[in-house]
Amino acid sequence: MRTKTKWSPGPGVKVLGVALTDDDSWVVSAAGPAFGVCPDCGRRSRNRHGWLTRSLQDLPVQGRTVTVKLRLSRWRCAYQKCERQTFTDRLSAVASPYERRTRRVAEIVGLLGHSAGRRPAERLMRRLGLPVSDDTILRHLKRHAAGNRPISSRIIGIDDWSWRRSWRYGTMIVDLERREVLDILQDRSVASTAQWLKRHPSVEIVNRDRCGLYAQAAREGAPQARQVADRFHLLQNLRIAIEEQMSLSGRATGRALRPDKDNEPYADTTHRRRARHAHRQSRQVVFDAVHALRKEGLPCSEIARRTGYGRR
Ligand SMILES: [Zn+2]
C-alpha cells in the first residue's frame, strides 16, 4: 500500500492551505510552479512579470464543493532571440485554458451530460457536490461536436438548442450509438436539416422531438429512415400533461387517491370540460398578475422573481 501525505489538484501545483468557508464549502489555496517554460522557445524562466488567480471547481470532498484558488505567474521570456515577451503558466494537465473547472471535473460533466442529458445531469451533479448549470453541460457537449467530418451513423438524434435563448435557435445532430455530437446547424429549419440528412444516407433511424419540423425534414431528407419520438420529449410531454392536470384544482390531487367512485378523476367529459375551463382561468389569473406588475414599472427579472415564472 502506498500513502500520499500531500494532496494536489494536479502536477505542478502546490497546495498552500485548505479552509472551510461559512457556506460549508472547501477552498484550497494553491500556487503554480516556481518557474515557467516559454511555449515558443521552450526555455525556463524565473523572471516573474506578475500574478493572476484562477478559480477552479474541483471534485467534492465529503459531499461539499471544492474550489481551488490557483495562483499562477506571468513570466518574462529572457531569451533574446525569442519573439515572445511574456507568457502565463498553462498547467494544461490541471485545467484547459479559460475553463472554470479542473480537467477531472470537466470530464465528469461531459460523461454525465452524455449519459443523463443536461437537466438530469445538473440535478445529479448538484447532489454530488458538483454544482454545474445545465447551460454549462450543454456547452461541454457542443464543444465536443465533431463538425462536418464524413460519418456513417445509423441512429441519430435531432433536436434544437439555443444560440441565444428565446432569440436564435440552431439544430444539434447526435450519433446516439457513439454518444457524440455530429454536427451543429446554424438554424432550425426543414431545409437545412433535410439537406444534412441527404448528405448522410447511412441514417436508418431518426430520433426526434414531437414538433413537426424535424419530422418533415426527415421525410424529405431521409425517406429511408424510420422516425421515432425520443424518450426525453415523451417524458417532457407526459410531465407537462400531468402538471396541467394537477394544477387544474387542488381538489383533484386529494381526491384521486381515494377509491371513491364519484371522484374518479376525469372519467367523464363534463369533468374534463370543467377542468379545462379551470385551467384556462388559472392561466388568465397569472397573465393578469404579471401584466399588473409590469404596469407598475417592474423589470422582467423582478417580475420573474416574484411570480416564480421565467422571463419567457
Ligand atoms: Zn521564449
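Here the structure is shown first, and the text comes after it.
In this report, we go over the structure that sits alongside the text. (Residues numbered from 1 in each chain as written. Predicted model: local features only at pLDDT ≥ 70, side-chain atom pairs only at ≥ 80, totals over all residues. Heavy atoms only, no water.)

Another aspect to go through is the coordination of the zinc ion. With distances of 2.3 to 2.4 Å, the protein atoms coordinating the zinc ion are C38 (SG), C41 (SG), C77 (SG) and C82 (SG). Geometry at the zinc ion is tetrahedral, judged from its four donor atoms and the angles of 101 to 115 degrees they form at the metal. As a motif over one chain, the donors of the zinc ion read C-x2-C-x35-C-x4-C. Note that C41 is positioned in the loop between β3 (36-37) and β4 (44-45) and C77 in the loop between β6 (64-76) and β7 (86-88), a separation of 36 residues in sequence. (Donors = N, O, S within 2.8 Å, 3.2 Å for Na, K, Ca; no water. Tetrahedral: all angles 85-135°; square planar, octahedral: opposite > 155°, others 65-115°. Helix = DSSP H or I, 4+ residues; strand = E, 2+ residues; numbered from the N terminus.)

Right, let's get into unusual backbone geometry. Despite not being glycine, L91 has its phi angle at roughly 50 degrees, a positive value. A positive phi angle, near 55 degrees, is found at R179, a position not held by glycine. Within the secondary structure, R179 sits in the loop between β9 (168-175) and β10 (180-185). The exposure class assigned to R179 is partly exposed, which follows from its relative accessible area of 46%. (Buried < 20%, exposed > 50% of the residue type's maximum accessible area, 1.4 Å probe, protein only.)

Turning to the pattern of salt bridges, a few remarks are in order. Counted by the stated rule, this structure contains twelve salt bridges. Note that D40 and R84 form a salt bridge whose closest N and O atoms lie 3.3 Å from each other. With D40 in the loop between β3 and β4 and R84 in the loop between β6 and β7, the pair connects residues that are 44 residues apart, well separated along the chain. The closest approach of N and O atoms between E177 and R154, which form a salt bridge, is 2.7 Å. Highlighted residues: E177 in the loop between β9 and β10 and R154 in the loop between α3 (134-143) and β8 (155-164), separated in sequence by 23 residues. A relative accessible area of 44% means that E177 is categorised as partly exposed. Using a relative accessible area of 34% as the deciding quantity, one classes R154 as partly exposed. Because the salt bridges share partners, they merge into one network encompassing R154, E177 and E204. (Salt bridge = Lys/Arg side-chain N within 4 Å of Asp/Glu carboxyl O.)

From the geometry alone we can't say anything about function, so treat these as descriptive.
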